[in-house]
Amino acid sequence: ARACRRGTMAPVQHELPVAKLARLSAKLEALQPDGAGGDKRVRKRIFAAIGKLKKELLAAASADPPAEPAHKRPRPDGASQLASTATVGGAPPVAASADGKCMAKAKAKGKEVASAAGEEAEEVALLADGDVAEAARPKRAGKGKGGRKADSRGLNLEIAKLAKRKQLAGAEQLFARARAQGIADVHTYTNMINAAVRCGQLARAEALMAEMRTHGPLPNVVAFTALLKGYANVGQMEQASELVEAMLAKGAGGCPLAQPNLRTANTLLRGCARTGDVALAEATVARMEEWGCEADASSYEALLLLLCQALKVKRAKALLASLRAQPTLAHAGAEEGVPSVHPCDNAQILVSLAKAYCLLGQWESASATLQQAREALDGAVSVDELVRHRTPALPPVPGKQGTKGARAAGGHVADVHLSAKSVSTFLAHRRAEATLELETLAKTCDGRADEPAPASLLECFGHTFLFPPKSEPGSEPGSELVEVDTDALAAACAQQLSAAFGMRAYALQASGQGAGGKKAGSKGGNKQAEKQGSAESLLAAASERLRTAFSKEGRLQWRSLFQEKRANEKGAKEGGEARRLVRVEVCSGAGEWVVEHAKHDAEVADWVAMELRVDRSHQIFARMALSNLDNLAILCGDALAIFNAHVEPSSIDALCINHPQPPEWSGGVQDSEGDHLLTPSFLRALHASLRPGGTLAIVTDNLRYGRSLATSLSELGEGALFEPVEVEVSGGGEGGKGKLTAGESRLAPGEPMRVPLYEGVPPASCGYTVPASSYFHRLWDNGNRKRRFFVAVSCAAD
């Protein structure tokens, strides 16, 4: 048998031994066990033939030297002839046997019929033991190379599905099985890294990468990029940069361990956008040619938005001018099929540039740029065209029409239609949002051609705290407070403001100096310089405002922060003095909701916006500055770390959380292990920050998540930390489906709990004093998700 496989024996016109054994075994199993109907004599003949074949195979195994591995054997000239003659009387080969499959494959591809030496030895041993059925069975994982690949591929697909659903425990079980079977390859490790990253388990992802680099399969660019995404998502850009350098480290043969590609670069750039790291973004785009990839439209969009955010308008304008010579820019692999939008025709970039001009008081340049943005929107590719490119039609099967033909071709029609609908809704919404922001900025520019930069911008810098991503989480609620270096804390915030929000660029503009520190030549510029002083004095004043807002323990003191806002007679009384209310929105996004409430409550309350991402915090900053608000502050960073380290206990009157991101579920409440904000530890931190009687309201459009939050608040702590707020039910009975009018609420459907879940909008006593919209409100409204659910509780007195 081995001689035939190696091609050292002339082809014969009869079955190979193992193929014949398979045929005889199948025939033997089909016979009646009691020997009825003449089967007894047939069984005896079959057993005799099997014994003869076993002797032949054992003799061949003892006489022949060990065979070379299949990939090292020379390809015999008669291989194809051997495959074509492995039949009995012209009948097709036995496809049910291992050799039959090999023959069919060899005949189809013209390759040698070969197996590994270990597989042959195992086959002979099985025959010697009389296990004919096991020897004839097709080889599976751990035996044949094809079987191992098939099993590995199946496990990898399952791990990838679990990663998408954020089900880390299930993925870990499959990964352990793959390692035990010896089939864990680079794709298995990569999918596990992605699962850990999606579930917020960055330490686990790092451990998997370390295992790959020490004694596992060497990581490729996909594995490195998956871990890079994890660093970018949490703002650890220093670690992300170190990972890229590790990719470029020279390995065996002097080649990089893994060459960064376009997806790697764009992942790093998205992290720069989240953290406001302009310097790293510029360095990344500059090094892409060194990495062997060319920056695409997404790369330049990320860099230009960062430059505009940092008020580096001259550099942004110069980059746009240089890109006009590149009429086509390739898109990243994840967005193949979507027509590229050239940065010079990208309305979002142009609106951001116009916003930067407004913040610097360059109103004429802002108006001209807004006109370019309007023309870009008018000439943009239609949403329908974008959707057609994004979700191409499935190829039909001849003779079949519509969805049946698409399904017959192996497609998933429902998935494609849902994807097209989702993409269409999102693209239409994004275009509408760009138009809305454009018109808002155009109204801001009207009649202000001769005005300087907004006078409140310096105060806005003094109300904005960009806590570095590497800052420590701080002490737990109720722990002993320790003194911190408030000068260093304020200096770190000021440095972040200069790098990400352009505080230094504004100081130069306001003091009438150019980029090189020289006085501007215009007469108006000199007058402005005389009014506001030098750039350094402006920067020092802003830094001092930041420093005085902190207590010696590093806690923010709201009265010092809003020192210029006079208390109103209608404010609550404390110690015989008027006290303004302090209200906080967590997860403020772009800031539309909190800005509208700050405007409405200007006489009675000060508002604080908390947001994790720097790019979204800058949108709040711009709205605050252009609206001349002095009763709003921005805290950018991890919310739990800010509450634990920088919020004074028992100092907040109302906490509002609108549409927090729920963990991704699939099939049940307990399925997902995705990281999310409103954990029991975070809810305890919120409780510690509230005054006795202070309120917490959480709004969501997800009924199941709303019920989960109500359950968590009902069961939190040994005692009752929160008490339900009385809500007037005026919109019909429990679980009603009729449309609610403004201000109406009703009990949501489901089992009653100690903390009820309502449908509608929280009452004004919880801080919801004015109807206000936001980006996500409008997005869900466009998608016909109009139902809102909320829980409202108050801090129980000690």
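Residues numbered from 1 in each chain as written. Predicted model: local features only at pLDDT ≥ 70, side-chain atom pairs only at ≥ 80, totals over all residues. Heavy atoms only, no water.

Peer 1: What is the right way to look at the packing of aromatic side chains in this model?
Peer 2: Given two aromatic rings, their pairing is described by the distance between the two centres and the angle made by the two planes. Counted under the stated rule, the structure contains eleven aromatic pairs. Ring geometry for Phe467 against Phe550: centres 6.5 Å apart, planes inclined by 70 degrees, an arrangement best described as edge-to-face. Taken as a pair, Phe467 in the loop between strand 1 (464–466) and helix 24 (486–501) and Phe550 in the loop between helix 27 (535–548) and helix 28 (558–561) lie far apart in primary sequence, 83 residues in all. Taking the centre distance of 5.9 Å and the plane angle of 80 degrees together, the rings of Phe643 and Phe682 count as edge-to-face. Taken together, the residues Phe643 in helix 31 (residues 639–646) and Phe682 in helix 32 (residues 680–689) connect sequence positions 39 residues apart. Accessibility assignment for this pair places Phe643 and Phe682 in one class, buried. Clustering of aromatic rings is evident, with ring pairs tying together Phe461, Phe501, Tyr506 and Phe621. (Phe/Tyr/Trp six-rings, centres within 6.5 Å; stacked < 30°, edge-to-face > 60°. Helix = DSSP H or I, 4+ residues; strand = E, 2+ residues; numbered from the N terminus. Buried < 20%, exposed > 50% of the residue type's maximum accessible area, 1.4 Å probe, protein only.)

Peer 1: Please explain unusual backbone geometry as it appears in this structure.
Peer 2: Trans is the common state for peptide bonds, and a negative phi is the common state for residues other than glycine. Although it is not a glycine, Leu311 adopts a positive phi angle of roughly 60 degrees. In this model, Cys587 sits at a positive phi of 65 degrees, which is unusual for a non-glycine residue.

Peer 1: Can you help me understand the pairing of strand 12 (residues 789–795) in this one?
Peer 2: Where burial is concerned, most of strand 12 is hidden: seven out of the seven residues are buried. Here six bridges tie strand 8 (residues 690–700) to strand 12, and the two strands are oriented antiparallel to one another. For Ile698, the partnering residue across the bridge sits in strand 12 and is Val791. Pairing of strand 9 (residues 722–724) with strand 12, which is carried by three bridges, proceeds in the antiparallel orientation. Paired with Pro724 across the bridge in strand 12 is Val793. Bridge analysis of strand 11 (residues 758–760) against strand 12 gives two bridges, and the strand direction is antiparallel. Each bridged residue has a counterpart across the sheet, and for Glu759 the counterpart in strand 12 is Phe789. (Pairing = 2+ DSSP bridges.)

Peer 1: Any chance you could explain the pattern of salt bridges here in plain terms?
Peer 2: A pair can form between side chains of opposite charge whenever their charged atoms are brought close. A full pass over the atoms with the stated rule returns 19 salt bridges. The partner of Glu211 in a salt bridge is Arg179, with the nearest N and O atoms 2.5 Å apart. Of the two residues, Glu211 sits in helix 11 (residues 202–214) while Arg179 sits in helix 9 (residues 168–181), which places them 32 residues apart along the sequence. The exposure class assigned to Arg179 is partly exposed, which follows from its relative accessible area of 40%. Arg287 is the salt-bridge partner of Glu290, the closest N and O atoms lying 3.7 Å from each other. Arg287 gets classed as partly exposed once you look at its relative accessible area, which sits at 25%. (Salt bridge = Lys/Arg side-chain N within 4 Å of Asp/Glu carboxyl O.)

Peer 1: Just to check I follow, could you spell out the nonpolar core for this structure?
Peer 2: Generally speaking, a soluble globular protein has its nonpolar side chains buried in company with each other. Ile193, Phe465, Trp558, Leu632, Phe643 and Leu696 are the most contacted members of the largest nonpolar core, which has 180 residues in total. Examining the composition of this core, we find that ten residues originate from one element, helix 18 (residues 347–359), more than from any other. For Leu632, the contacting residues outside a window of four places in its chain are His463, Phe562, Val594, Val595, Ala598, Trp607, Val608, Ala609, Ile620 and Met624. The next biggest cluster of nonpolar side chains, apart from the first, holds seven residues, and it includes Leu24, Leu28, Ile46 and Ile50. (Core = buried A, V, L, I, M, F, W, Y, C linked by side-chain atoms within 4.5 Å. Contact = heavy atoms within 4.5 Å.)

Peer 1: Would you mind going over helix 17 (residues 313–323) with me for this structure?
Peer 2: Side chains that are three or four residues apart share a direction in an α-helix, a result of its 3.6 residues per turn. Within the sequence span of helix 17, burial applies to Val313, Ala316, Leu319, Leu320 and Leu323. Within helix 17, the buried residues cover an arc of 125 degrees as seen down the axis, which keeps them to one side. Counted as exposed and oriented over 90 degrees from the buried face of helix 17: Lys314 and Lys317. (Arc of directions from axis to C-beta.)

Peer 1: How should the packing of helix 14 (residues 262–275) against helix 15 (residues 278–287) be read in this particular structure?
Peer 2: To characterise two packed helices, one gives the angle between the axes of the helices and the distance between these axes. One way to put it is that helix 14 packs onto helix 15 with a least axis distance of 9 Å and a crossing angle of 165 degrees. Considered as vectors, helix 14 and helix 15 are oriented roughly antiparallel to each other. Here helix 14 and helix 15 pass one another in a crossing that is left-handed. Touching Ala265, Leu268, Leu269 and Cys272 of helix 14 are Leu280, Ala281, Thr284 and Val285, all from helix 15. Grouping the amino acids of the contact of helix 14 with helix 15 by side-chain chemistry returns seven nonpolar, one polar and no charged. (Axes fitted to C-alpha atoms, helices over the stretch in contact; angles between N-to-C directions. Parallel < 35°, antiparallel > 145°, perpendicular 65-115°, else oblique. Left-handed = near helix turned anticlockwise from the far one by under 90°. Nonpolar A, V, L, I, M, F, W, Y, C, P; charged D, E, K, R; others polar.)

Peer 1: Could you clarify how one ought to interpret the pairing of strand 4 (residues 581–586) in this entry?
Peer 2: When a strand is regular, its side chains alternate between the sheet's two faces. Of all six residues that make up strand 4, five are buried, and the element is covered over most of its length. Where strand 4 meets strand 5 (residues 605–611), six bridges bridge the pair, whose relative direction is parallel. Pairing of Arg583 across the sheet is with Trp607, part of strand 5. Regarding the hand of the β-α-β motif, the stretch spanning strand 4, helix 29 (residues 592–600) and strand 5 is right-handed. In this structure, strand 4 lies alongside strand 7 (residues 652–658), joined through four bridges in parallel fashion. (Right-handed = clockwise from strand over helix to strand, strands pointing away.)

Peer 1: Mind showing me how you'd approach the side chain of Ser352 here?
Peer 2: Relative to the helices and strands, Ser352 is located in helix 18. Owing to a relative accessible area of 18%, Ser352 belongs among the buried residues under this scheme. Those residues in contact with Ser352 that lie beyond four places of it in its chain are Leu305 and Cys308.

Peer 1: Sorry if this is basic, but what is going on with helix 30 (residues 614–626) here?
Peer 2: Helix length check: helix 30 (13 residues) gives 18 Å between terminal C-alpha atoms against 18 Å at 1.5 Å per residue, within 8%. By the criterion of burial, helix 30 is predominantly enclosed, with ten of the 13 residues buried. Within the sequence span of helix 30, burial applies to Val614, Asp615, Ser617, His618, Ile620, Phe621, Ala622, Met624, Ala625 and Leu626. (Expected span 1.5 Å × (residues − 1).)

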